[in-house]
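Observations on chain architecture
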Amino acid sequence: MARLALDEQHRALHAELMPVAGWELPRHYGDPLAEHHAVRQTAGVADLSARSLWRVTGPDRAKYLQGILTNDILALTPGSGCYAALLDVKGHLQADLRLYALDDALFLDLDPALTASIIPLLKRYIVVYKVTLEEATAEFIHLAMSGPKTADWLMALFGQSLPELPDYHSTTWEWRGHQMRIIRLSETGEIGVHLLIPHAIGPTLWAALLDAGRTVGGRPIGTEAMESLRIEAGIPKFGVDMDQTRFPAEAGIEQAVSYTKGCYLGQETTMRIKTQGSLNRKLVGLLIESPALPDPGEPLFSGDQKVGVLTSVLDSPTLKRKIAMGYLQKGFFAPGTTVTLTDQSHATVAELPLYRRP
């Protein structure tokens, strides 16, 4: 198992560790429910340094990725970024990822569970392009801050205001003579930023960040709280709500797709789905009326007909009810539609995200 650069710091905070994609990650710091509520009420910080970060350099870097990924990479300028997907030739999802444009490089940010399958594929497509693809994961400590008091927390430590940027766009701040990148992005449905911090100052900045967080009620949060926050926010996750059988439109991640750019892998099918405007299945939110929380993968029925399947499920701390995401067949997408679970209890379709900040 690989350990995070801040592993000692997490252990000193009595983190319960768990294996995820070959890494030991903090599951929680003693009270995952309190961590969840902190993000909804004040703010939290999670260590995402296990995420796989890759640097793409060379004069053809944007052109190279333009023909592979679903979004318009040629439109990116330094400081901008986007969400994108990698498809197969039939338009099925192979991965989702984030891109951040710098002056001299493009950074790819993806789930570590996807690295083994996706990076060799990306390298195979380099072919004649003047491009270098190299891993940069170990160079940075990757933190995610989110919650209504995120701006106050940043001000308390850095003395700077939260950047007014679109999602995936970034800027640089200096701290004690080192530059770090601040990316506007949230995975919880709250105000959020990601910080890419040079490895050399990571432990010192982490300690200073936690100290400043006490002034606003901020605290570290683990993977368990991040997962419950994600489900409430209706954000699909690859390997849970998306896999190689799904199309981007089915998974509700059309923000990852440009419908005006040139050719890319899977474009023909993606454009046909867009043009026809018809989906055979779709990821929806569900409000569960059941005495027990169902399992992911449980089928959904209309009468005796199987019409869908659950993906993410949660006994929601914020909404105080059982909720889920899942796929339903055409004809069952509309909010208010009722389907049944295996135990004959009911689930009602609701618009995603299920949680919206008041």
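Now for a description of the structure that goes with this document.

Reading the values: rules and limits
Residues numbered from 1 in each chain as written. Predicted model: local features only at pLDDT ≥ 70, side-chain atom pairs only at ≥ 80, totals over all residues. Heavy atoms only, no water. Helix = DSSP H or I, 4+ residues; strand = E, 2+ residues; numbered from the N terminus. Rg over C-alpha atoms; globule rule 2.2 N^0.38 Å. Contact = heavy atoms within 4.5 Å. Areas by Shrake-Rupley, 256 points an atom, 1.4 Å probe, with all protein chains shown as cover. Lys, Arg positive; Asp, Glu negative; His and termini not counted. Charge placed at Lys NZ, Arg CZ, Asp CG, Glu CD. Axes fitted to C-alpha atoms, helices over the stretch in contact; angles between N-to-C directions. Parallel < 35°, antiparallel > 145°, perpendicular 65-115°, else oblique. Left-handed = near helix turned anticlockwise from the far one by under 90°. Nonpolar A, V, L, I, M, F, W, Y, C, P; charged D, E, K, R; others polar. Phe/Tyr/Trp six-rings, centres within 6.5 Å; stacked < 30°, edge-to-face > 60°. Buried < 20%, exposed > 50% of the residue type's maximum accessible area, 1.4 Å probe, protein only. Lys NZ or Arg CZ within 6 Å of the ring centre and 35° of its normal. Pairing = 2+ DSSP bridges. Arc of directions from axis to C-beta.

All right, on to the overall build of the chain then. Assigned secondary structure in the chain consists of 9 helices and 20 strands. Relative to a compact globule of 358 residues, whose C-alpha radius of gyration would be 21 Å, the chain shows 21 Å and is just as compact. Reported as C-alpha extents along the three principal axes, the dimensions of the chain are approximately 65 × 50 × 40 Å. Summarising the internal contacts of the chain: among those between residues at least 6 apart in sequence, 65% fall at separations of at least 24. Carbon and sulfur atoms make up 51% of the accessible area of the chain, which amounts to about 15,500 Å² in all. Of the charged side chains in the chain, 34 are positive and 40 negative, and the gap between their average positions amounts to 3 Å.

Another point: the packing of helix H5 (residues 150–158) against helix H6 (residues 202–213). The N-to-C vectors of H5 and H6 enclose an angle of 120°; their axes lie 9 Å apart at closest approach. The orientation of H5 relative to H6 falls into the category oblique. Crossing handedness for the pair H5 and H6: right-handed. Touching Trp153, Ala156, Leu157 and Phe158 of H5 are Leu205, Ala208, Leu209, Ala212 and Gly213, all from H6. Of the residues in the contact of H5 with H6, the class split is 8 nonpolar, 1 polar and no charged.

Our next topic: the environment of Gly336. Tracing the chain through its elements places Gly336 in the loop between strand E18 (321–329) and strand E19 (338–340). Spatially, the C-alpha atom of Gly336 lies 5.7 Å from that of Thr348, the residues being 12 residues apart in sequence. Non-local contacts of Gly336, meaning those with residues more than four positions away in its chain, are made with Thr348 and Val349.

If you walk through the whole model with that rule in mind, you get 4 aromatic pairs. Aromatic side chains Phe107 and Phe140 sit 6.0 Å apart centroid to centroid with 80° between the ring planes, which places their arrangement in the edge-to-face category. Here Phe140 lies in strand E10 (residues 140–146) and Phe107 lies in strand E8 (residues 106–110), a separation of 33 residues in the sequence. Grouping residues by exposure puts Phe107 and Phe140 together as buried. Over the face of the ring belonging to Tyr355 we find Arg40, whose NZ or CZ atom lies 3.8 Å from the ring centre. Directly above the ring of Tyr327 sits Arg246, whose terminal nitrogen or CZ lies 3.7 Å from the centroid.

This part takes up the sheet that holds strand E2 (residues 16–20). Strand order in the open sheet made by the 3 strands is E1-E3-E2, with mixed pairing throughout. The open sheet has two free edges, formed respectively by strand E1 (2–3) and E2, since each of these has just one partner strand. As defined by bridge partners, E2 adjoins strand E3 (residues 23–28) across 5 bridges and the pair is classed as antiparallel. Counterpart to Glu16 in the pairing with E3 is His28.

Strand order in the open sheet made by the 6 strands is E11-E12-E13-E10-E4-E14, with mixed pairing throughout. Both outer strands of the open sheet, strand E11 (170–175) and strand E14 (218–220), are each paired with one neighbouring strand and no more. Taking each pair of neighbouring strands and ignoring which way they run, the sheet shows an average axis angle of 25°. Two elements, E11 and strand E12 (residues 178–184), share 6 bridges in a ladder whose sense is antiparallel. Among the inter-strand pairings, Trp175 is bridged to a residue of E12, identified as His178.

Our focus in this paragraph is the packing of helix H2 (residues 32–41) against helix H7 (residues 223–232). Relative orientation of the contacting elements H2 and H7 amounts to 50°, with a least axis distance of 8 Å. Classified by the interaxial angle, the pair formed by H2 and H7 is oblique. Once H2 is placed against H7, the crossing between them reads as right-handed. Only Glu224, Ala225, Ser228, Leu229 and Glu232 of H7 make contact with H2, whose side of the interface consists of Pro32, Glu35, His36, Val39 and Arg40. Residue classes in the contact of H2 with H7 are distributed as 4 nonpolar, 2 polar and 4 charged.

Before going further, it helps to spend a moment on helix H4 (residues 115–124). Thr115, Ile118, Ile119, Leu121 and Leu122 are the residues of H4 that are buried. Burial along H4 is one-sided: seen end-on, the buried residues are contained in an arc of 160°. Among the exposed residues of H4, those pointing more than 90 degrees away from its buried face are Ala116 and Arg124. Buried positions along H4 lie against strand E5 (52–57), helix H3 (61–66), strand E6 (81–87), strand E7 (93–101), E8 and strand E9 (132–135).

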